[in-house]
There are 2 protein chains.
Amino acid sequence: MKEVKAYAASANDAPLKEVNINRRDLLDNDVSIDIMYCGVCHSDIHAKLNDWGNAKYPIVPGHEIIGKVTAVGSNVSNHKVGDLVGVGCMVDSCQECSACKEDQEMWCENGSTSTYNSKDPHLGGHTLGGYSKLIVVREEFVLKVPTNLDTKAVAPLLCAGITTYSPLKHWNVKKGDKVGIIGLGGLGHMGIKFAAAMGAETVMITTSEEKAKDAKRLGADQVIISKDESQMKEHNDSFDFILNTIPVGHDVNPYLALLKRDCTMCLVGAIEPLENVHGANLILRRKKLAGSLIGGIKETQEMLDFCGEHNITSDIEMIDMQDINNAFERVQKNDVKYRFVIDMETL
Amino acid sequence: MKEVKAYAASANDAPLKEVNINRRDLLDNDVSIDIMYCGVCHSDIHAKLNDWGNAKYPIVPGHEIIGKVTAVGSNVSNHKVGDLVGVGCMVDSCQECSACKEDQEMWCENGSTSTYNSKDPHLGGHTLGGYSKLIVVREEFVLKVPTNLDTKAVAPLLCAGITTYSPLKHWNVKKGDKVGIIGLGGLGHMGIKFAAAMGAETVMITTSEEKAKDAKRLGADQVIISKDESQMKEHNDSFDFILNTIPVGHDVNPYLALLKRDCTMCLVGAIEPLENVHGANLILRRKKLAGSLIGGIKETQEMLDFCGEHNITSDIEMIDMQDINNAFERVQKNDVKYRFVIDMETL
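Counting of residues starts from 1 at the beginning of each chain's written sequence and follows it residue by residue. Lettering for chains starts from A, numbering for ligands starts from 1, and both go in the order in which the items are written. Local features in this predicted model are restricted to residues of pLDDT 70 or higher, and side-chain atom pairs are both shown and tallied only at a pLDDT of 80 or more, whereas totals for entire chains, interfaces and linings draw on every residue. Neither water nor hydrogens contribute to the side-chain values; these are computed over all heavy atoms in the structure.

Description of the overall build of chain A
Note the cut-off: A run of DSSP states H or I qualifies as a helix once it reaches four residues; a run of E qualifies as a strand once it reaches two. Both are numbered from the N-terminal end. Radius of gyration here uses only the C-alpha atoms, and the compact-globule reference equals 2.2 Å multiplied by the residue count raised to the power 0.38. Two residues form a contact once any of their heavy atoms are found within 4.5 Å. Only the protein chains shown count as cover for residues, and all accessible areas are computed by the Shrake-Rupley method using a 1.4 Å probe. Asp and Glu count as negative and Lys and Arg as positive, but His and the ends of the chain are not part of the count. Taken as the charge location is NZ of Lys, CZ of Arg, CG of Asp or CD of Glu.
Along the backbone of chain A there are 10 helices and 17 strands. In terms of C-alpha radius of gyration, chain A reaches 20 Å, essentially the compact-globule figure of 20 Å for 347 residues. Restricting the contact set of chain A to residue pairs at least 6 apart, pairs at least 24 apart contribute 66%. Put simply, chain A shows about 13,600 Å² of open surface, and 44% of that area lies on carbon and sulfur atoms. One way to put it: in chain A the 37 positive side-chain charges average out to a point 3 Å from where the 48 negative ones average out.

Laid out in structure tokens, this is it:
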């Protein structure tokens, strides 16, 4: 075992502060990574606050990890010392069930291991995330990072990126499609970039007039202010796909009305009860309401490669590790464009 | 114009009674049909009661029509005098929009004409349905009825049949799939028959212990009593497709839990607000909640041909036209196995 510095919270109402944690000794299939950058995901805050009722303390958040390989186990052939790599939301799965075999490790039937807050199969206790200097991860869960991109701004792709890329690919978004992205935050700003890069007519749907300009800068062709009923009505029955990034329960009915017949709106944010969905909004015109969570490892690599080709990164604000508690507060107030990334040099 | 006998209600709180109505003279593309049987659909009652706020009086319900062709217009080549034919929920559409061209006339962008309660493009006023002796329908909306089946029991296929067949086909139900049918009524009993005929492992999901036996007689391999939480839990994450025929708003969350990852539950009954759908039930395992309404004319013909091949009809109770008000009451109490059919000889 190796002792490394990290930032942890000891309880839901305690601030994050510097601690020492243990990382396992390198196993034959392991990769040891010196962490350079780690994105700050809204999930980190939910987890720390125990909003989902499953927090394990001390909690070390962080699942948007970028770093350099410093050592590899004897069986590792896919990564070598010096490689620029990433680690996302998962660090292990059984690799044998039908979900794993179909590259959907997040639905591993034997339970995938999350980067933090999961049972740790090696050291016991629970896994500790990327707000730390070093992490040891089995090779299958280590991603290759394109070297032509601004490395710091790649970090959020490991969660915000794959969370939005995966449903856009699953529902086959392509040139000529009219695609709506609801909500302009960490997820939504990636949704716009991906949909635009896939060739879609990309429409930002937001409550905020202020965000309209920024949406266009990010690649949106049009903006709909969702509070404006007449604007919404003009776009009824016109969307091929809608990615809904609203992070809380809400009324999906006005958005379902925007879909063409046979088309889908996919939730990626609202892990909460929605207001009453009206059955008629699905039955009339055979519409679909779906959900999606991150994506498998193979698809995460595909997403990173896509980003390399299309020169896509997240819009970020860099922070020092010591600023994390302030950053959490600002994320909760939606005061970030669009993702904080921690410079792990500062730890 | 031709005067024919029918049964109509003059207001939402008035009983149905005998009246005379007008049918148009035969146009070049029209088929004139002497109605032999008409099914009693729950929609007939909703429409008569103005539950959907769009009733036009006097209302003549009925969109599960079986009859014999008595005359055809000069351009009609597809039907001839003496043919056994059916008419379902639609009698006209533009035939030119993308929906019509894709055989989805129910979503005609210029508005399809429902068999009753729609604007009548020929006589003005509104269309009058199958609770009558005769109907004149343009040939594209006249279906061929297999002659090897019990003709009376074919009537409900024109609505209850296509409403359940279409989603089972759209979501590609096939041999080996585990398919759930929620609710055992007019729609549900057809859902069981179709899913079983398609080779699926067919599971009836019902609140009622009583209905379990009947479900098996109709072709269900298994029955789950939905009020029994432990029974439900055993089947979590196991269904390839679920057809939800519950006709009112309800809590879909326990049913979403039954779906395998990436699979769909389709609503065909609940044209009402659902209780709070929990976003997590869609986001975790990429599940889909969808809806479907009847089906296009081409698919309705395919469904009738499938019924001919597989010897499928509805389970019915025959009534005289004069019994209709009583039948409406019994349908509202769910006291019918599983569809009333009116013998139009009695009018």
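Comments concerning the side chain of His189(A)
All names here are of chain A. Defined as follows: Note on classification: 1.4 Å probe, protein chains only; a residue is buried when its accessible area is under 20% of the maximum for its type, exposed when over 50%, partly exposed between these limits. Distance and chemistry together define a polar contact, namely a pair of N or O atoms within 3.5 Å, with one atom able to donate a hydrogen and the other to accept it when in protein, and with adjacent residues in sequence counting only for side-chain atoms on both sides.
Structurally, histidine 189 can be placed in helix 4 (residues 186-197). On the basis of relative accessibility, which here comes to 0%, the residue histidine 189 falls in the buried class. A polar atom in the side chain of histidine 189 sits 2.9 Å from the backbone oxygen of glycine 186. Looking at histidine 189, its side chain comes within polar contact range of the side chain of serine 314, at 3.2 Å.

Examining the domain arrangement of chain A
Accessible area lost upon the coming together of the parts is a frequently used measure of interface size. Residue and element names in this part refer to chain A. Threshold: Residue ranges assigned to the domains are those given by an automatic or database domain assignment. By convention, the term buried area covers the 1.4 Å-probe accessible surface removed from two parts as they join, with the contributions of both added.
Each assigned domain of chain A is listed with its residue range as follows: domain 1 (2-158 + 315-346) and domain 2 (161-291). Relative placement of domain 1 and domain 2: their C-alpha centres are 29 Å apart. For the pair domain 1 and domain 2, the two sides together bury roughly 920 Å², of which 50% comes from carbon and sulfur. When the area that domain 1 buries against domain 2 is broken down by residue, the three leading residues are Leu157, Asp315 and Tyr338, summing to 62%.

Topic: the pairing of strand 5 (residues 84-87) of chain A
All names here are of chain A. Applied cut-off: We treat two strands as partners when DSSP finds at least two bridges between them.
Both faces of strand 5 are covered, namely the face carrying Leu84 and Gly86 and the face carrying Val85 and Val87. Pairing of strand 4 (residues 65-72) with strand 5, which is carried by 4 bridges, proceeds in the antiparallel orientation. When the bridges of strand 5 are listed, glycine 67 appears paired with valine 85. Summarising the sheet, strand 5 and strand 9 (residues 143-144) pair through 2 bridges and their orientation is antiparallel. Counted as the bridge partner of glycine 86 is leucine 143 from strand 9.

Thoughts on the sheet that holds strand 14 (residues 259-267) of chain A
Selection rule: Lines fitted to the C-alpha atoms define the axes, with helices restricted to the stretch that makes contact. Angles between their N-to-C directions range from 0 to 180 degrees.
Taken in spatial order, the 12 strands line up as 12(A)-11(A)-10(A)-13(A)-14(A)-15(A)-15(B)-14(B)-13(B)-10(B)-11(B)-12(B) in an open sheet, and their pairing is mixed. Where the open sheet ends on each side, the last strands, each with one partner, are strand 12 (222-225) of chain A together with strand 12 (222-225) of chain B. Within this sheet the neighbouring strands show an average axis-to-axis angle of 20 degrees, counted without direction. Alignment of strand 11 (residues 201-206) of chain A against strand 12 of chain A, held across 4 bridges, turns out to be parallel. Pairing of Met204(A) across the sheet is with Val223(A), part of strand 12 of chain A.

Digging into the interface of chain A and chain B
Note the cut-off: Here, a salt bridge means any side-chain nitrogen of Lys or Arg that lies within 4 Å of a carboxyl oxygen of Asp or Glu.
Taken together, the 37 residues of chain A in the interface contact 36 residues of chain B. Buried area between chain A and chain B, both sides added, is near 3,100 Å², and the carbon and sulfur share of it is 60%. If you sort the residues of chain A by the area they bury against chain B, Arg261(A), Ile283(A) and Arg286(A) come out on top, with a joint share of 25%. Between Glu102(A) and Arg261(B) there is a salt bridge, and its shortest N-O distance comes to 3.2 Å. Summed over the shared surface of chain A and chain B, the result is 17 residue pairs in polar contact (both at pLDDT 80 or more).

A short note on the relation of the copies chain A and chain B
Put simply, the two copies of the chain differ by a rotation about an axis and a shift along that axis. What counts here: Overlaid copies result from least-squares superposition on C-alpha atoms, with residues included only where pLDDT is at least 70 in both.
Rotating chain A by 180 degrees and translating it 0.0 Å along the rotation axis places it on chain B, where the RMSD comes to 0.0 Å. Both chain copies can therefore be described as sitting about a two-fold axis.

Let's talk about the side chain of Thr202(A)
All names here are of chain A. By the element assignment, threonine 202 lies in strand 11. In this structure the side chain of threonine 202 is engaged in a polar contact, spanning 3.2 Å, whose partner is the backbone nitrogen of alanine 196. Only 3.2 Å separates the side chain of threonine 202 from the backbone oxygen of alanine 200, close enough to count as a polar contact. Beyond its immediate stretch of four places on either side in the chain, threonine 202 contacts Val179, Ile181, Ile192, Ala195, Ala196, Gly219, Ala220, Asp221 and Gln222.

Side note on the pattern of salt bridges
All names here are of chain A. Counted under the stated rule, the structure contains 41 salt bridges over all chains. In this structure, the salt-bridge partner of glutamate 140 is arginine 138, at a minimum N-O distance of 3.0 Å. The shortest N-O distance in the salt bridge between lysine 193 and aspartate 315 comes to 2.5 Å. Of this pair, lysine 193 sits in helix 4 while aspartate 315 sits in the loop between helix 9 (297-310) and strand 16 (316-320), and the two are 122 residues apart along the sequence. Overall, lysine 193 belongs to the buried group, its relative accessible area being 14%.

Here we look at the packing of aromatic side chains
Residues and elements named next belong to chain A. For the record, the criterion: In summary, the pairing rule links any two rings of Phe, Tyr or Trp, Trp by its six-membered ring, whose centres are within 6.5 Å, and it sorts them by plane angle into stacked for under 30 degrees, edge-to-face for over 60 and tilted for everything else. A positively charged side chain is recorded as over a ring if its NZ (Lys) or CZ (Arg) lies within 6 Å of the ring centre. The angle to the ring normal must also be within 35 degrees.
Following the criterion strictly, the structure yields 10 aromatic pairs over all chains and no others. Here tyrosine 165 and phenylalanine 194 contribute two aromatic rings whose centre-to-centre distance is 5.4 Å and whose plane-to-plane angle is 70 degrees, an arrangement assigned as edge-to-face. Here phenylalanine 194 lies in helix 4 and tyrosine 165 lies in helix 3 (residues 160-170), a separation of 29 residues in the sequence. According to the relative accessible area criterion, tyrosine 165 is buried, its value standing at 1%. Three or more aromatic residues joined by ring pairs make a cluster, and in this case those are Tyr165, Phe194 and Phe306. In this structure, lysine 178 packs its charged tip against the face of phenylalanine 239, placed 4.6 Å from the ring centre.

A look at the packing of helix 3 of chain A against helix 4 of chain A
Residue and element names in this part refer to chain A. Rule in force here: Orientation categories follow fixed angle ranges, with anything under 35 degrees roughly parallel, anything over 145 roughly antiparallel, 65 to 115 roughly perpendicular, and all other angles oblique. If you view the pair so one helix is near and one far, a crossing is left-handed when the near helix is turned anticlockwise from the far one by less than a right angle, and right-handed when it is turned clockwise. The nonpolar class holds Ala, Val, Leu, Ile, Met, Phe, Trp, Tyr, Cys and Pro. Asp, Glu, Lys and Arg form the charged class, and all remaining residues, Gly among them, are polar.
Remark: helix 3 packs on helix 4, axes separated minimally by 8 Å, with the N-to-C direction vectors making an angle of 50 degrees. Relative to helix 4, the element helix 3 lies oblique. The crossing of helix 3 and helix 4 is right-handed. Taking contact as the criterion, the partners of Ala160, Gly161, Thr163, Thr164, Tyr165 and Leu168 in helix 3 are, on helix 4, Gly186, Leu187, Met190, Gly191, Phe194 and Ala195. Class assignment for the residues of the contact of helix 3 with helix 4 results in 7 nonpolar, 5 polar and no charged.

Regarding unusual backbone geometry
Residues and elements named next belong to chain A. Along the chain, tyrosine 57 connects to proline 58 via a cis peptide bond; the corresponding omega equals -5 degrees. In the Ramachandran plot, asparagine 334 falls in the positive-phi region, its phi being about 65 degrees despite a non-glycine side chain. Position of asparagine 334 among the secondary structure elements: in the loop between helix 10 (324-332) and strand 17 (339-343). Owing to a relative accessible area of 54%, asparagine 334 belongs among the exposed residues under this scheme.

A closer look at the environment of Met265(A)
Residues and elements named next belong to chain A. One can find methionine 265 in strand 14. Methionine 265 sits 26 residues away from phenylalanine 239 along the chain, and the two C-alpha atoms are 9.2 Å apart. Leaving out residues up to four positions away in the same chain, methionine 265 has contacts with Ile182, Ile242, Asn244, Val252, Tyr255, Leu256, Leu259, Lys288, Leu289 and Ala290.

Some remarks on the pairing of strand 14 of chain A
Residues and elements named next belong to chain A. The buried count for strand 14 comes to 7 of 9 residues, which makes it a mostly enclosed element. Pairing of strand 14 with strand 15 (residues 288-291), which is carried by 4 bridges, proceeds in the parallel orientation. Opposite threonine 264, over in strand 15, you have lysine 288 as the bridge partner.

Side note on the packing of helix 3 (residues 160-170) of chain B against helix 9 (residues 297-310) of chain B
Residue and element names in this part refer to chain B. Relative orientation of the contacting elements helix 3 and helix 9 amounts to 95 degrees, with a least axis distance of 10 Å. Classified by the angle their axes make, helix 3 and helix 9 are roughly perpendicular. Packed against helix 3, whose contacting residues are Gly161, Ile162, Tyr165, Ser166 and Lys169, the element helix 9 presents Glu299, Thr300, Glu302, Met303 and Phe306 at the interface. A breakdown of the residues in the contact of helix 3 with helix 9 according to their chemical character gives 4 nonpolar, 3 polar and 3 charged.

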